[in-house]
Amino acid sequence: AKAPMRVAVTGAAGQIGYSLLFRIANGDMLGKDQPVILQLLEIPDEKAQKALKGVMMELDDCAFPLLAGMTAHSDPMTAFKDVDVALLVGARPRGPGMERKDLLEANAQIFTVQGKALDAVASRNAKVLVVGNPANTNAYIAMKSAPSLPAKNFTAMLRLDHNRALSQLAAKVGKPITAIEKLCVWGNHSPTMYADFTHATIDGQPAKALVNDESWTKDVYLPTVGKRGAAIIEARGLSSAASAANAAIDHVRDWVLGTNGKWTTMGIPSDGSYGIPEGMVFGFPVTTENGEYKIVQGLQVDAFSQERINLTLKELQEERDGVKHLVG
Ligand code: NAX
């Protein structure tokens, strides 16, 4: 039998945590033959810790064969000890009267502390996925705070945007999701992200020719995908949770187990590809193999796509500049 992998999840008593933990323990993320130990972090607050204990009681009650252990933590230095995978879900939500700048700063603090803790105690090859918003900038801060870990192991979640884009495109052309390949989402996890099907194929045919509707792309598709998070809040009274958890599972599973040559989207530190400044955590088309991702190279970026990529890059640069003074 395989040795258990240690998986840290922060914000474990939150909404996304409640969908995520059960799927990890069920083997959906790391494989049906891979035992896991869950190391769960919540804020020290009594209510949060109590809620976390409740979730752990339910995990116990599932009697998952792959769940080899779990622990509750209020300190990242113990939560991240020896972890192979860290899912950083917990973040500071925007409170009443809070400016964007305050939100960025509050989260910059959290992700500085957590990056340092990962640097100190995590497995030297730990894979990190940041879900908590602003996800790209939080991942950037954690990466910068963990200089002894490989920078490439710090990633941000664009996969929910990717999955939303897949679904909307499939519905438009009346084809199953599985018919679509080579779709990707560029940039920041925010309404500025650019869901790009200019390279995509549907049943092997160019998606662009099949859709052949520029106004749909600009006026329906991109706004629908970009504002989907807000539409879910409006409908449900709560933000996306099960779909976000599902995207986190997809992201890590594909990273660890490979995509077999298929494209997906990950937010990753740029290596300078496509003119994105090195180190910016940006959504790129990638393939994965043997636990490593590779940016899909050599794509022709058309003028409209370039315009959209520039826009989301600019937003991300502004976010980064807003927290620059906090990053060592
Ligand atoms: P919840 O508010 O339900 O849960 C968050 C949990 O994190 C809370 O239990 C809180 O106590 C905990 N927490 C806060 N600060 C912490 C810290 N420093 N250490 C450990 N735990 C901490 O939010 P939920 O709906 O679960 O969303 C979590 C985050 O995901 C939010 O930042 C949200 O904006 C973000 N999202 C990101 C998405 C993405 O695609 N990247 C999509 C879904 C989601 O909106």
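What counts as what
- Residues numbered from 1 in each chain as written.
- Predicted model: local features only at pLDDT ≥ 70, side-chain atom pairs only at ≥ 80, totals over all residues.
- Heavy atoms only, no water.
- Near = heavy atom within 4 Å.
- Polar contact = N/O pair within 3.5 Å; in protein donor to acceptor, adjacent residues only side chain to side chain.
- Areas by Shrake-Rupley, 256 points an atom, 1.4 Å probe, with all protein chains shown as cover.
- Helix = DSSP H or I, 4+ residues; strand = E, 2+ residues; numbered from the N terminus.
- Nonpolar A, V, L, I, M, F, W, Y, C, P; charged D, E, K, R; others polar.
- UniProt positions renumbered as here; feature names shortened; annotations may be inferred.
- Contact = heavy atoms within 4.5 Å.
- Salt bridge = Lys/Arg side-chain N within 4 Å of Asp/Glu carboxyl O.
- Axes fitted to C-alpha atoms, helices over the stretch in contact; angles between N-to-C directions.
- Parallel < 35°, antiparallel > 145°, perpendicular 65-115°, else oblique.
- Left-handed = near helix turned anticlockwise from the far one by under 90°.
- Buried < 20%, exposed > 50% of the residue type's maximum accessible area, 1.4 Å probe, protein only.
- Pairing = 2+ DSSP bridges.

*Asks:* In this structure, what is going on with the site of the ligand? I would like to understand it.
*Replies:* If you check the shell around the ligand, you find 23 residues, and the closest are Gln15, Ile16, Glu42, Asn133 and His189. Here a nitrogen atom of the ligand sits 3.3 Å away from a polar atom, N or O, in the side chain of Gln114. Alone, the ligand offers 880 Å² of accessible surface; in the complex the protein occludes 80% of this. Looking at the shell around the ligand, the elements that each hand over two or more residues are α1 (15-25) and α4 (100-121). Tallied by class, residues from the shell around the ligand come to twelve nonpolar, ten polar and one charged.

*Asks:* How do you make sense of the UniProt feature "binding site: substrate" (unreviewed entry) in the chain when you look at a structure like this?
*Replies:* Summarizing the sequence annotation, UniProt attributes the feature "binding site: substrate" (unreviewed entry) to Arg94, Arg100, Asn133 and Arg164 in the numbering used throughout. In terms of the greatest pairwise C-alpha distance, the residues named above, spread along 71 residues, do not form a single cluster, extending to 25.1 Å across. Tracing the sequence through the fold places Arg100 in helix α4. In this view, Asn133 contacts Ala91, Asn107, Asn138 and His189; residues no more than four positions away in its chain are not counted.

*Asks:* I tried to follow the pattern of salt bridges on my own but got confused; where do I start?
*Replies:* In a structure, side chains of opposite charge can pair up when their charged atoms sit close to one another. Under the definition given, this model contains 17 salt bridges. As a salt-bridge pair, Asp33 and Lys2 come within 3.4 Å of each other at their nearest N and O atoms. Placement of the pair is Asp33 in the loop between α1 and β2 (36-41) and Lys2 in the segment before β1 (5-10), with a sequence separation of 31 residues. When salt bridges that share partners are traced, they join Arg159, Asp250, Arg253 and Asp254 into one network.

*Asks:* I'm lost on the packing of α1 against helix α10 (residues 242-257) in this one. Help?
*Replies:* When two helices pack together, their arrangement is given by the angle between their axes and by how far apart the axes lie. Running from amino to carboxyl end, α1 crosses α10 at an angle of 40°, the nearest separation of the two axes being 8 Å. Our classification of the angle between α1 and α10 gives oblique. Classified by chirality, the crossing of α10 by α1 is right-handed. In contact with Ile16, Ser19, Leu20, Arg23 and Ile24 of α1, α10 contributes Ala242, Ala244, Ala245, Asn246, Ala248 and Ile249.

*Asks:* What exactly am I supposed to notice about the pairing of strand β13 (residues 281-289) here?
*Replies:* On any regular strand, side chains alternate: one points to one face of the sheet, the next to the other face. Most of β13 sits inside the fold, with seven of its nine residues counted as buried. The pairing of strand β12 (residues 264-269) with β13 spans six bridges and is classified as antiparallel. Residue pairing in the sheet places Pro269 in a bridge with Val281 of β13. Note: β13 against strand β14 (residues 292-295), four bridges, orientation antiparallel. Each bridged residue has a counterpart across the sheet, and for Glu289 the counterpart in β14 is Glu292.

*Asks:* Would you mind showing me how to read the sheet that holds strand β10 (residues 201-202) here?
*Replies:* Sheet strands associate in pairs through backbone hydrogen bonding, adopting either a parallel or an antiparallel arrangement. Pairing is antiparallel in the open sheet, where three strands are placed in the order β7-β10-β11. Looking at the sheet topology across the chains shown, the edges are occupied by β7 (180-181) and β11 (205-206). Relative to β10, β7 runs antiparallel, the two sharing two bridges. Across the sheet, Glu181 pairs through a bridge with Thr201, a residue of β10.

*Asks:* I tried to follow the UniProt feature "binding site: NAD(+)" (unreviewed entry) in the chain on my own but got confused; where do I start?
*Replies:* As annotated by UniProt and renumbered to match this structure, "binding site: NAD(+)" (unreviewed entry) occupies Gly11, Ala12, Ala13, Gly14, Gln15, Ile16, Gly17, Asn107, Gln114, Val131, Gly132 and Asn133. With relative accessibility at 8%, the residue Gln114 sits in the buried group. Leaving out residues up to four positions away in the same chain, Gln114 has contacts with Thr10, Leu41, Pro76, Phe80 and Leu88. Looking at where Asn133 falls in the secondary structure, it is placed in the loop between β5 (127-130) and α5 (135-144).

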